[in-house]
Amino acid sequence: MDAATLTYDTLRFAEFEDFPETSEPVWILGRKYSVLTEKDEILADVASRLWFTYRKNFPAIDWRWTQRKRQPDSYCSVLQAFLDRKDSCYSIHQIAQMGVGEGKSIGQWYGPNTVAQVLKKLAVFDTWSALAVHVAMDNTVVMADIRRLCRSSLPCAGAEAFPADSERHCNGFPAGAEGGGRAAPWRPLVLLIPLRLGLADVNAAYAGTLKHCFRMPQSLGVIGGKPNSAHYFIGYVGEELIYLDPHTTQPAVAAADRCPVPDESFHCQHPPGRMSIAELDPSIAVGFFCETEDDFNDWCQQVSKLSLLGGALPMFELVEQQPSHLACPDVLNLSLDSSDAERLERFFDSEDEDFEILSL
């Protein structure tokens, strides 16, 4: 078997509904629009976002992969990291294999919390990105833990896996940049907060807080959907959520060495989907990106103000220190020993017959 398809087609490009003619503002990841006067700008914003969908005709998950190829351009590097092949850090292959460590068999559905945990683990092996990924559990965001994570030394996972050269970076920074007694730079933060907003349905009291999250400039949107139908929510209009739907299967993209990744299929060229907040499955994960410490401080201030919204129920708690009743183990500083580095080196070795499951 030399090709695979991991899902089904449920949509066709001709079936997408345009935005309603309404005076309600449209919010897309922290930006406000009027559908009456800025419809083209809304669609251009949606089209500018990376749209990751199901693919077909990619190398099967249990098949051999080819030599890893890197491109210097940051945009292409992001796309490279998500290509459907085993040597891409966030490929369907890596997500499926890393999910095994979370108790999920290959082919089994992932919930928002599982996705968040898998992304956090994969980020440790991402030697290009500077990201520090934190998953806030128990509906609680501990500010001290995040500051400690983002100011920590960069792990430089699997440095032996790459040939030495003057341009090699470790998690986005030149190797050894944190040495010499200097304070480590603030690592850009991806904050993921798995939540459950009700039992069988979303508690309507959370709707105002959920919508306000999309207004924040740090918003990365929401992972969620309906049973057996995952969506990436990027905004809202009125009482409807705006989402990108991965359930259109597209051919896998193959990038040639030193050539840009063909990116047309990674951008949604039609109006995005919409669904009522009431239809949302209550299990979600909200995401935020804080590039700098000032961004994080600003986000904390905005979250603190959410409690002042009349009739809105806070979705999570923001605290300075971890509450004593939360006896969670410290999993913030995911470090790699020599055996982890050896596994990563074999993982990127095109001559290795076996695909290695990375586990922490």
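Being a predicted model, the structure only gives us computed values, none of them experimental. (Residues numbered from 1 in each chain as written. Predicted model: local features only at pLDDT ≥ 70, side-chain atom pairs only at ≥ 80, totals over all residues. Heavy atoms only, no water.)

(A) Up close: the overall build of the protein chain. Across its full length, the protein chain holds eight helices and 16 strands. Put simply, the protein chain has 360 residues, and 49% of those count as buried. Pairs at least 24 apart in sequence give 74% of the contacts found in the protein chain among residues at least 6 apart. Surface summary for the protein chain: the accessible area is close to 17400 Å², and the carbon and sulfur share equals 52%. (Helix = DSSP H or I, 4+ residues; strand = E, 2+ residues; numbered from the N terminus. Buried < 20%, exposed > 50% of the residue type's maximum accessible area, 1.4 Å probe, protein only. Contact = heavy atoms within 4.5 Å. Areas by Shrake-Rupley, 256 points an atom, 1.4 Å probe, with all protein chains shown as cover.)

(B) Focus on the environment of V35. Residue position: V35 is located in the loop between strand 3 (31-34) and helix 1 (39-48). Remark: the alpha-carbon pair of V35 and P25, spanning ten residues in sequence, is separated by 7.0 Å. Sequence-distant contacts of V35, defined by excluding residues within four places in its chain, comprise F19, P20, E21, T22, V26 and I42.

(C) Representation of the nonpolar core in the model. Judged by nonpolar contacts, the single largest core of 40 residues is most densely connected at L191, I193, L210, V286, F296, W299 and M315. When residues of this core are traced back to their parent elements, those giving at least two are helix 5 (143-150), strand 9 (189-196), helix 6 (207-215), strand 11 (229-237), strand 12 (240-244), strand 15 (283-290) and helix 7 (293-306). Here this core takes five residues from helix 7, the largest share from any one element. Once you skip the residues sitting within four places of it in the chain, L210 turns out to touch V222, L241, L280, I284, V286 and M315. (Core = buried A, V, L, I, M, F, W, Y, C linked by side-chain atoms within 4.5 Å.)

(D) Up close: the confidence of the model for the protein chain. For the protein chain, the mean per-residue pLDDT works out to 77, and 71% of the residues sit at or above 70. The low-confidence segment residues 1-14, where pLDDT is below 50, has 39 contacts with residues more than four positions distant or belonging to other chains. Of the regions scoring below 50 in pLDDT, residues 63-72 engages in 40 contacts with residues more than four places distant in sequence or in other chains. (pLDDT = per-residue confidence, 0-100.)

(E) Here's a closer look at the pattern of salt bridges. What the rule picks out here adds up to ten salt bridges. E21 is the partner of K39 in a salt bridge, and the nearest nitrogen-oxygen pair spans 2.9 Å. Here K39 is found in helix 1, whereas its partner E21 is found in the loop between strand 1 (4-5) and strand 2 (25-28), with 18 residues between them in sequence. The residue R151 makes a salt bridge to E293 at a minimum N-O spacing of 2.1 Å. Of this pair, R151 sits in the loop between helix 5 and strand 7 (169-170) while E293 sits in helix 7, and the two are 142 residues apart along the sequence. Since its relative accessible area comes to 41%, R151 is described here as partly exposed. You can call E293 partly exposed: its relative accessible area is 25%. One continuous salt-bridge network, built from bridges that share partners, spans D18, E21 and K39. (Salt bridge = Lys/Arg side-chain N within 4 Å of Asp/Glu carboxyl O.)

(F) Just the packing of aromatic side chains, in detail. Counted by the stated rule, this structure contains nine aromatic pairs. Here the aromatic rings of W299 and F316 are separated by 6.1 Å at their centres, their planes lie at 10°, and the arrangement is stacked. Taken together, the residues W299 in helix 7 and F316 in the loop between helix 7 and strand 16 (317-319) connect sequence positions 17 residues apart. Counting every residue linked through ring pairs, the aromatic cluster contains W186, F288, F296, W299 and F316. (Phe/Tyr/Trp six-rings, centres within 6.5 Å; stacked < 30°, edge-to-face > 60°.)

(G) Region of the structure containing the side chain of D126. Relative to the helices and strands, D126 resides in the loop between helix 4 (112-124) and strand 5 (132-135). In this structure the side chain of D126 is engaged in a polar contact, spanning 3.1 Å, whose partner is the backbone nitrogen of W128. (Polar contact = N/O pair within 3.5 Å; in protein donor to acceptor, adjacent residues only side chain to side chain.)

(H) Region of interest: the packing of helix 5 against helix 7. For the pair helix 5 and helix 7, the least separation of the axes is 12 Å and the interaxial angle reads 170°. Regarding the angle of helix 5 to helix 7, the classification is roughly antiparallel. Residues M143, I146 and R147 of helix 5 pack against E293, F296, N297 and C300 of helix 7. (Axes fitted to C-alpha atoms, helices over the stretch in contact; angles between N-to-C directions. Parallel < 35°, antiparallel > 145°, perpendicular 65-115°, else oblique.)

(I) The arrangement of helix 7 in detail. Along its 14 residues, helix 7 runs 20 Å from first to last C-alpha, staying within 8% of the 20 Å computed at 1.5 Å per residue. Looking only at helix 7, the buried set comprises F296, W299, C300, Q302, V303 and L306. With its buried residues spanning 165° around the axis, helix 7 presents them on a single face. For helix 7, exposure combined with an orientation more than 90 degrees from the buried face picks out D294 and K305. In the core, the buried residues of helix 7 are packed alongside strand 6 (140-142), helix 5, strand 9, helix 6, strand 15 and strand 16. (Expected span 1.5 Å × (residues − 1). Arc of directions from axis to C-beta.)

(J) Region of the structure containing the state of the cysteines. For the coordinates displayed, the defined rule picks out zero disulfides. C150 takes part in no disulfide bond, and the closest cysteine sulfur, belonging to C290, lies 8.0 Å away. A relative accessible area of 0% means that C150 is categorised as buried. (Disulfide = S-S within 2.5 Å.)

(K) Region of the structure containing the environment of D201. Among the structural elements, D201 can be located in the loop between strand 9 and helix 6. Separated by 82 residues in sequence, D201 and S283 place their C-alpha atoms 9.1 Å apart.

(L) Main features of the packing of helix 3 (residues 92-100) against helix 4. Orientation of helix 3 relative to helix 4, taken along the N-to-C sense of each, is 110°, at an axis distance of 9 Å. Comparing their axes, helix 4 and helix 3 come out roughly perpendicular. Across the interface between the two elements, Q94, I95, M98 and G99 from helix 3 touch V118, K121 and L122 from helix 4. Of the residues assigned to the contact of helix 3 with helix 4, the class counts are four nonpolar, two polar and one charged. (Nonpolar A, V, L, I, M, F, W, Y, C, P; charged D, E, K, R; others polar.)

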